[in-house]
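One letter stands for each residue in the lines below.
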Amino acid sequence: MKNGLKKWRFLPLVAAMAFILSGCGEPFLSTLQPAGEVAQKQFNLMMLSVAIMVLVIIVVAIVYVIAVTKFRRSKLGEDFIPKQVEGSHRLEVIWTVIPIILLLILAVPTVALTFELGDTQGMEVEDEEGSREALVIDVRANLYWWEFSYPDQGVVTAQDLVVPTDQNVYFNVIASDVKHSFWIPAVGGKIDTNVDNMNTFYLNFDGEKAEEANNLFYGKCAELCGPSHALMDFKVQTMSQEDFDGWIAAMQEAGEAEQNFESDTVADGFAVFEEQGCIGCHATNPTQGAGTSPGPNLASFGERSYTAGILDNEDSDEVHAENIKNWIRNADVLKPGNTMGGYNEDDLSDEDLDALTEYLMSLKVYSE
């Protein structure tokens, strides 16, 4: 009876695991639903390794079942000793050669794919005019946010990465402070962002898969980097080449345009932005050089789907405004260890906070 109860205890564990795993598999985040050429090749390699492991498990299980059923003591007696195979050259060759073959089956495509995905020579190809043909994006990881620079286009943004679909996009990744790791799970494997050297790789965003994910993928930091490591997220917005060209043009035009305010409240908010010293850490010009500000570029802040990468703005403008206020007041609580810190009422009055929020929400560059 007790043994039977112990067996039944296993069922709640299985049920709990099934419940937890049921939350996995979203197309904007899941590695099991590849959304690009790189991700698909890595997925196929993963499936190959899983198939080899399952094959080994099945063979071992079959051998075990045969041994248990064929040589049971109750069937053959207590004194029966099966034929001993110690010293059998045939068996020693079999169980030596087969693992080697399985390792080769896995190792050859793994090494080949490693070199293939590590080949970034395509980023240096130039057209007849001497311009780089491929899109290259410089990624800089910081505590706890991401900067994305488009060096050939002269555009800088933060937190929201914008890319065209159905082509190789090359990335130069580096860190400003400690080691981080750049990872878009649905589109490709992770790569470390180091402080002392730059790593380079490429990804490809499939257009059809992107539409299934509503043209929005989630990116993560995959290297433990501090107390807010789990909150160091970013979003990836995908679009056609035509729309991407429009986005780049809008960002470039915004960088050249004179600053105009929609209302007196927005103008007051800009004054607060200057008085509080925010302008010393945050650029609001999308063409300002990468790495020149210690904080994220806010040029397109009003368009972002998330505030600080963690507070969802999708519901309404009211929610967006409340998220901004919550972040300014409680940045040190919402993202412990970040360099901004929070502003209490002694530092920033509610009236000034409202005006500052209006100004930040007005920072928009591109609308589809």
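Since this is a predicted model, take the numbers as computed values, not measurements. (Residues numbered from 1 in each chain as written. Predicted model: local features only at pLDDT ≥ 70, side-chain atom pairs only at ≥ 80, totals over all residues. Heavy atoms only, no water.)

Caption draft 1: Here's a closer look at the overall build of the chain. In terms of regular secondary structure, the chain is built from ten helices and twelve strands. Taking 368 residues into account, the globule formula puts the C-alpha radius of gyration at 21 Å, and the chain, at 28 Å, lies well above it. Taking the principal axes of its C-alpha atoms as reference, the chain extends roughly 100 × 65 × 35 Å. In the chain, buried positions account for 37% of the 368 residues. Put simply, of all contacts in the chain between residues at least 6 apart along the chain, 61% involve residues at least 24 apart. (Helix = DSSP H or I, 4+ residues; strand = E, 2+ residues; numbered from the N terminus. Rg over C-alpha atoms; globule rule 2.2 N^0.38 Å. Buried < 20%, exposed > 50% of the residue type's maximum accessible area, 1.4 Å probe, protein only. Contact = heavy atoms within 4.5 Å.)

Caption draft 2: Representation of the sheet that holds strand 9 (residues 216-221) in the model. Spatially, five strands are ordered 4-10-9-6-7 in an open sheet, and the strand pairing comes out mixed. Because the sheet does not close on itself, it has two edges, and the strands there are strand 4 (160-164) and strand 7 (191-193). Adjacent strand axes in the sheet meet at a mean angle of 30°, parallel and antiparallel pairs treated alike. Pairing of strand 6 (residues 180-183) with strand 9, which is carried by two bridges, proceeds in the antiparallel orientation. Within strand 9, the residue paired with Phe182 across the bridge is Cys221. Contacts between helix 7 (residues 241-256) and the sheet are confined to strand 4 and strand 10 (234-239), with strand 4 contributing the most and set at about 135° to the helix. (Pairing = 2+ DSSP bridges. Axes fitted to C-alpha atoms, helices over the stretch in contact; angles between N-to-C directions.)

Caption draft 3: Geometry of the pairing of strand 8 (residues 199-204). With five of its six residues buried, strand 8 lies for the most part within the structure. The pairing of strand 5 (residues 168-175) with strand 8 spans six bridges and is classified as antiparallel. Opposite Val173, over in strand 8, you have Asn199 as the bridge partner.

Caption draft 4: Representation of the sheet that holds strand 8 within the structure. Judged by pairing direction, the sheet is mixed, and its five strands sit side by side in the order 3-2-1-5-8 without closing on themselves. Looking at which strands have only one partner, the edges of the open sheet turn out to be strand 3 (155-158) and strand 8. Sheet twist, expressed as the mean angle between neighbouring strand axes with direction ignored, is 25°. Sheet topology note: the strand 1 (residues 135-142)/strand 5 ladder contains seven bridges and is parallel. Residue pairing for strand 5: Ile137 is matched across the bridge by Phe171.

Caption draft 5: Spatial organisation of the packing of helix 3 (residues 37-70) against helix 5 (residues 89-117). One way to put it is that helix 3 packs onto helix 5 with a least axis distance of 11 Å and a crossing angle of 170°. Regarding the angle of helix 3 to helix 5, the classification is roughly antiparallel. Of the residues in helix 5, those in contact with Val38, Lys41, Gln42, Leu45, Leu48, Ser49, Ile52, Leu55 and Val56 of helix 3 are Leu102, Ile105, Leu106, Pro109, Thr110, Leu113, Glu116 and Leu117. Looking at the contact of helix 3 with helix 5 residue by residue, the classes come out as twelve nonpolar, three polar and two charged. (Parallel < 35°, antiparallel > 145°, perpendicular 65-115°, else oblique. Nonpolar A, V, L, I, M, F, W, Y, C, P; charged D, E, K, R; others polar.)

Caption draft 6: Spotlight on the pattern of salt bridges. By the definition in use, this model includes seven salt bridges. Among the salt bridges present, the one from Lys41 reaches Glu116, with a minimum N-O distance of 2.2 Å. You can see Lys41 sitting in helix 3 and its partner Glu116 sitting in helix 5, a full 75 residues away along the chain. Assessed through its relative accessible area of 23%, Lys41 is described here as partly exposed. For Asp152, the salt bridge identified is with Arg132, shortest N-O distance 2.9 Å. Of this pair, Asp152 sits in the loop between strand 2 (145-150) and strand 3 while Arg132 is found in the loop between helix 5 and strand 1, placing the two residues 20 residues apart along the sequence. Look at Asp152 and you get partly exposed, because its relative accessible area is 42%. Members of the salt-bridge network, linked through shared partners, are Glu37, Lys41 and Glu116. (Salt bridge = Lys/Arg side-chain N within 4 Å of Asp/Glu carboxyl O.)

Caption draft 7: Structural context of the pairing of strand 4. Buried residues dominate strand 4, accounting for five of its five residues. With five bridges joining them, strand 4 and strand 10 adopt parallel strand pairing. From the neighbouring strand, Leu161 faces strand 10, where its bridge partner is Val236.

Caption draft 8: Structural view of the packing of helix 9 (residues 317-334) against helix 10 (residues 350-361). Contact pair helix 9 / helix 10: the axes reach a minimum separation of 10 Å and the direction vectors enclose 120°. Of the possible angle classes, the one that applies to helix 9 and helix 10 is oblique. Regarding helix 9 and helix 10, the two cross each other, and that crossing is right-handed. Along its contact with helix 9, which presents Asp317, His320, Ala321, Ile324, Lys325, Ile328 and Arg329, the element helix 10 presents Asp350, Leu353, Asp354, Leu356, Thr357, Leu360 and Met361. Within the contact of helix 9 with helix 10, the residues separate by chemical class into seven nonpolar, two polar and five charged. (Left-handed = near helix turned anticlockwise from the far one by under 90°.)

Caption draft 9: Broad picture of unusual backbone geometry. The step from Leu143 to Tyr144 runs through a cis peptide bond, and the omega angle for that step is -10°. By the secondary structure assignment, Tyr144 is in the loop between strand 1 and strand 2. Of note in the backbone geometry, Gln159 takes a positive phi value of approximately 70° without being a glycine. In this structure, Gln159 sits in the loop between strand 3 and strand 4. Here Gln159 falls in the buried class, since its relative accessible area comes to 5%. Its identity is not glycine, yet Ala308 carries a phi of approximately 60°, on the positive side. Topologically, Ala308 is positioned in the loop between strand 11 (306-307) and strand 12 (311-312). Taking the relative accessible area as the measure of exposure, Ala308 reaches 16% and is therefore buried.

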